[in-house]
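# Examination of the molecular architecture
The residues making up each chain are set out below.
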Amino acid sequence: MKELINIVWFKKDLRIIDHLPLSQATMAGGKVLCLYIDEIAMWEQDCQSDRHRAFALQSVADLANQLLSAGASLTYMKGDVVEIINWLQERYVNIHIWSHEETGNLWSFERDKNLARWCRLTGIQWTELSSNGVVRKLATRDGWAGIWNDKMSQPLAGPVDFSKIIKLEAGTEIPQLKSLFVQEGGRTQALKALNAFLSCRGKNYRGGISSPNTAVTACSRLSPYLAWGCLSMKEIVHRLEQRQAELKLLTPKERGGWLSSLRDFKSRLYWHCHFIQKLEIMPDLENRNIHTAYDGLREDSFDEKLYQAWCVGQTGFPFIDACMRYLNKHGWINFRMRAMLVSFATQNLWLHWKPVALHLGRQFTDYEPGIHYSQIQMQAGTTGINAPRIYNPVKQSADQDPNGQFIRQNVPELKDCEDSFIHNPSEKDNLFSANLNYPRPIVDHLKSYSEARKKLSAVRKKAGFKEEAGEIRELIASRKK
């Protein structure tokens, strides 16, 4: 039998630090092949965009440099996973595949099932290892918070014997794509963001993450690096706890609001895994209402014109349009504004959440299916276990952008609008002159709010609603208080 070749398949774990499959593969017998497969079928999905692929390939190139600095190399190949692994098996005969578990969308779920089926048929061993706080084949959510804490307290994976890594000449050069105004991919950039947050920016986290004017710097901006595994969740938690310990040595005056901000940040790291755990348990939630009582509620009332106006930021609500235009340009906006955009689309415009989710998925550089679809359904009011929350776009505008600074930066048609009308310019008719080129509101937000409330309330009164909601709560709801 030929020498064993351990194939470390990098998916959304583009790093060499705290990478358990890489560590274990190099500690096993035989040589190691570090492999990234650029799956064209993945990029053809409706939820994907060029900005995702640009970020991913930048991260892959950075991974290749990490390995090169350690005296090793990354093999980049393009195509179908099963076909490429089959080709490698024919070439090396004796192979063992190593990877992290992935909780992605249905496409990646089916991809992994196809590879697992091929491995069983060919007798190839595929070892999948946990990469964050998500638990595969979880029997109950009881005690999950403790499991998460235990996982995060474990040491980082290691060491790695880079001398065992071989180079495959059949690999090709990693293409480099640019995406303007979007965060640059790769661990190098991820570490810069993490260091800046823990040393400086994070102090304003608690008070600065709600308004888009302050969130761009107050937020950690680590989400795309978590989505592509340039940093591990455990690695971030360890660095965070180290910083918290350092701050506790200071006087209350010296540390200011640091500790409360970092407590809030850590809780959101927990919620990050909590929502992905929901998708692990319900892998089809991207395609169906979590609670079946909402089936048929919006499907026959979809208005394409309203949808397109929302997609491009032409709704006639300045704050909504400013947020959407900023997102479309930069690939990121803070969580509260994401929730408002979804609420407006699914409640005020009464659009089905699925096309709303697809548009936002394409725009979010940090698109993470587990978080994305759970949050979309929460804002659309279709989970059955969360009270529907409908944002008032005019009130949100006044609260989060009181002087209209964000609106004027992103909706230049309103740059000369006076402060008293910046949040709802339709109140002043003479603003809507031919040269203003800004639309009137495409919906009455107060009337549509009331109608949405009535429709959602009627669903919750249906026979059997509470019973199914109880089953859903038992299956996916957090037990953390």
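Further up the page is the structure itself.
This report concerns the structure included in the present document. Each chain carries its own residue numbering, running from 1 in the written order of its sequence. Per-residue local features are limited, in this predicted model, to residues with pLDDT of at least 70; the limit for side-chain atom pairs, both in listing and counting, is 80 or more; totals at the level of whole chains, interfaces and linings are taken over all residues. Processing note: side-chain calculations cover all non-hydrogen atoms of the structure and skip hydrogens and water entirely.

## Structural notes on the packing of aromatic side chains
The geometry of an aromatic ring pair is captured by two quantities: the separation of the ring centres and the angle between the planes. Spelled out, the test is: For Phe, Tyr and Trp, where Trp contributes only its six-membered ring, two rings pair if their centres lie within 6.5 Å, and the inter-plane angle classes them as stacked under 30 degrees, edge-to-face over 60, or tilted in between. Whether a charge sits over a ring depends on NZ of Lys or CZ of Arg being within 6 Å of the ring centre and within 35 degrees of the ring normal.
Evaluation of the coordinates by the stated rule reveals 18 aromatic pairs. Between lysine 11 and the ring centre of tryptophan 9, over which it is positioned, the NZ or CZ distance is 4.6 Å.

## Looking at helix 19 (residues 393-400)
Note the following rule: Each residue gets one of three labels from its accessible area relative to the maximum for its type: buried under 20%, exposed over 50%, partly exposed in between, using a 1.4 Å probe on protein chains only. Only runs of H or I of at least four residues qualify as helices and only runs of E of at least two qualify as strands under DSSP, and these elements are numbered from the N terminus. When we speak of the arc, we mean the arc of directions from the helix axis to the C-beta atoms. Whether two residues are in contact is decided by their heavy atoms, any of which lying within 4.5 Å being enough. Identification of polar contacts relies on pairs of N or O atoms within 3.5 Å, with a donor-acceptor requirement for protein atoms, meaning one able to donate a hydrogen and the other able to accept it, and with residues adjacent in sequence counted only if both atoms are side-chain atoms.
For helix 19, the complete set of buried residues consists of Pro393, Val394, Gln396, Ser397 and Gln400. Seen end-on, helix 19 carries its buried residues on one side only, within an arc spanning 165 degrees. In this structure, the buried side of helix 19 is in contact with helix 9 (212-218), helix 15 (318-330), helix 16 (335-348), helix 20 (405-410) and helix 21 (445-460). At the N-terminal boundary of helix 19, the capping side chain belongs to asparagine 392, with an oxygen 3.0 Å from the backbone nitrogen of valine 394.

## Description of unusual backbone geometry
Omega for the peptide link from glycine 158 to proline 159 comes to -5 degrees, which places this bond in the cis form. Structurally, the position occupied by proline 159 is in the loop between helix 6 (144-153) and strand 6 (165-166). With a phi angle near 50 degrees, aspartate 18 is a residue other than glycine that sits in the positive phi range. Along the polypeptide, aspartate 18 turns up in the loop between strand 1 (5-10) and helix 1 (20-27). Residue aspartate 18 is classed as buried on the basis of its relative accessible area, which comes to 6%. The phi dihedral of valine 93 falls on the positive side, at around 70 degrees, and the residue is not glycine.

## Some points on helix 18 (residues 369-380)
The line we're drawing: Residue count minus one, scaled by 1.5 Å, sets the expected span of a helix.
Across its 12 residues, helix 18 extends 16 Å between first and last C-alpha, which sits within 8% of the 16 Å expected from 1.5 Å per residue. Within helix 18, 11 of the 12 residues are buried, which leaves the element mostly enclosed by the surrounding structure. Listed in full, the buried residues belonging to helix 18 are Pro369, Gly370, His372, Tyr373, Ser374, Gln375, Ile376, Gln377, Met378, Gln379 and Ala380. Packing partners of the buried residues in helix 18 comprise helix 13 (258-281), helix 16, helix 17 (353-363) and helix 21. Once helix 18 ends, the next one or two residues include glycine 381, with phi positive near 80 degrees.

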